[in-house]
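# Descriptive structure summary
Spelled out, the chains give:
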Amino acid sequence: GAFLSYFFSLRSAMQVSFVNSDHPFDLITGGSTPVEYTGKINMQQFKFDFKYYLSTQNVTKGLAWINPYLTAGFTMYQRTLTYASVPGFARDNFFGGQAGVGVEIPIMRNNWFIGAQASYAFMAYPEKGGPLTIGGNVTGVSVNGDCVNFTGLFGFNF
């Protein structure tokens, strides 16, 4: 993915990002004749976040160069499911929200930085808590859950 941050001040910023990921899946549904569905899920995320950088003024000198922050925002997801055994694909859009923490460590005279971020994402996908439907067939498999993200960052300031 990629992101662009705009700083309002030294402690607050707005971030817009795009993340694309592919996930293989293998799903077997029950019944008198079990059916196996395999394929790929492509997730595209368009994210809008607010970042608040914590003050490192009162910490030891050895840790003052780490820039910790809190982040919160919302995401528009586009999910595309492609099945190996069913022709075509299924695409849907839904929204979600996320909150997390991260650190940015400046390198190369503060022109570049590396970092890490952990966040919890709530996703309001259409079949959440209900049965998954594939090719018009209700599978009997209940889809639940949200997402925990761990992200490594590499960026530059301009």
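A short tour of the structure in this document, coming up. (Residues numbered from 1 in each chain as written. Predicted model: local features only at pLDDT ≥ 70, side-chain atom pairs only at ≥ 80, totals over all residues. Heavy atoms only, no water.)

## Quick notes on the pairing of strand E5 (residues 89–107)
Two elements, strand E4 (residues 67–83) and E5, share 16 bridges in a ladder whose sense is antiparallel. The residue bridging Ala72 from the neighbouring strand is Ala99, located in E5. From the end of E4 to the start of E5, which pair antiparallel, there are 5 residues, and Gly88 there has a positive phi angle of about 85°. Alignment of E5 against strand E6 (residues 112–123), held across 12 bridges, turns out to be antiparallel. What sits directly across from Ile105, in E6, is Ile114. Hairpin connection between E5 and E6: a loop of 4 residues separates the two successive antiparallel strands, and Met108 in this loop has a positive phi of roughly 50°. (Pairing = 2+ DSSP bridges. Helix = DSSP H or I, 4+ residues; strand = E, 2+ residues; numbered from the N terminus.)

## Some details on a nonpolar patch on the surface
Among the surface-exposed residues, Tyr6, Phe8, Phe50, Tyr52, Leu54, Leu70 and Val101 lie close enough to one another that they form a single nonpolar patch of about 680 Å² accessible area. Within the secondary structure layout, Phe50 lies in strand E3 (residues 35–53). (Patch = residues over 30% accessible without salt bridge, like charges linked within 9 Å, V, L, I, M, F, W, Y side chains within 5 Å. Areas by Shrake-Rupley, 256 points an atom, 1.4 Å probe, with all protein chains shown as cover. Salt bridge = Lys/Arg side-chain N within 4 Å of Asp/Glu carboxyl O.)

## A look at the environment of Ser5
With respect to the helices and strands, Ser5 occurs in strand E1 (residues 2–7). Of the residues examined, Ser5 reaches a relative accessible area of 24% and is grouped as partly exposed. In sequence terms Ser5 and Val16 are 11 residues apart; their C-alpha atoms lie 6.5 Å from each other. Beyond its immediate chain neighbours, meaning those up to four positions away, Ser5 contacts Met14, Gln15 and Lys51. (Buried < 20%, exposed > 50% of the residue type's maximum accessible area, 1.4 Å probe, protein only. Contact = heavy atoms within 4.5 Å.)

## Notes on the packing of aromatic side chains
This model, assessed by the stated rule, comprises 11 aromatic pairs. Relative to Phe8, the ring of Tyr6 lies with its centre 5.4 Å away and its plane at 80°, an arrangement referred to as edge-to-face. Seen from their ring centres, Trp112 and Phe156 are 5.3 Å apart, and the 50° between their planes marks the pair as tilted. Of this pair, Trp112 sits in strand E6 while Phe156 sits in strand E9 (residues 147–156), and the two are 44 residues apart along the sequence. For Trp112, a relative accessible area of 30% corresponds to the partly exposed category. In this structure an aromatic cluster arises from ring pairing among Phe7, Tyr53 and Tyr69. (Phe/Tyr/Trp six-rings, centres within 6.5 Å; stacked < 30°, edge-to-face > 60°.)

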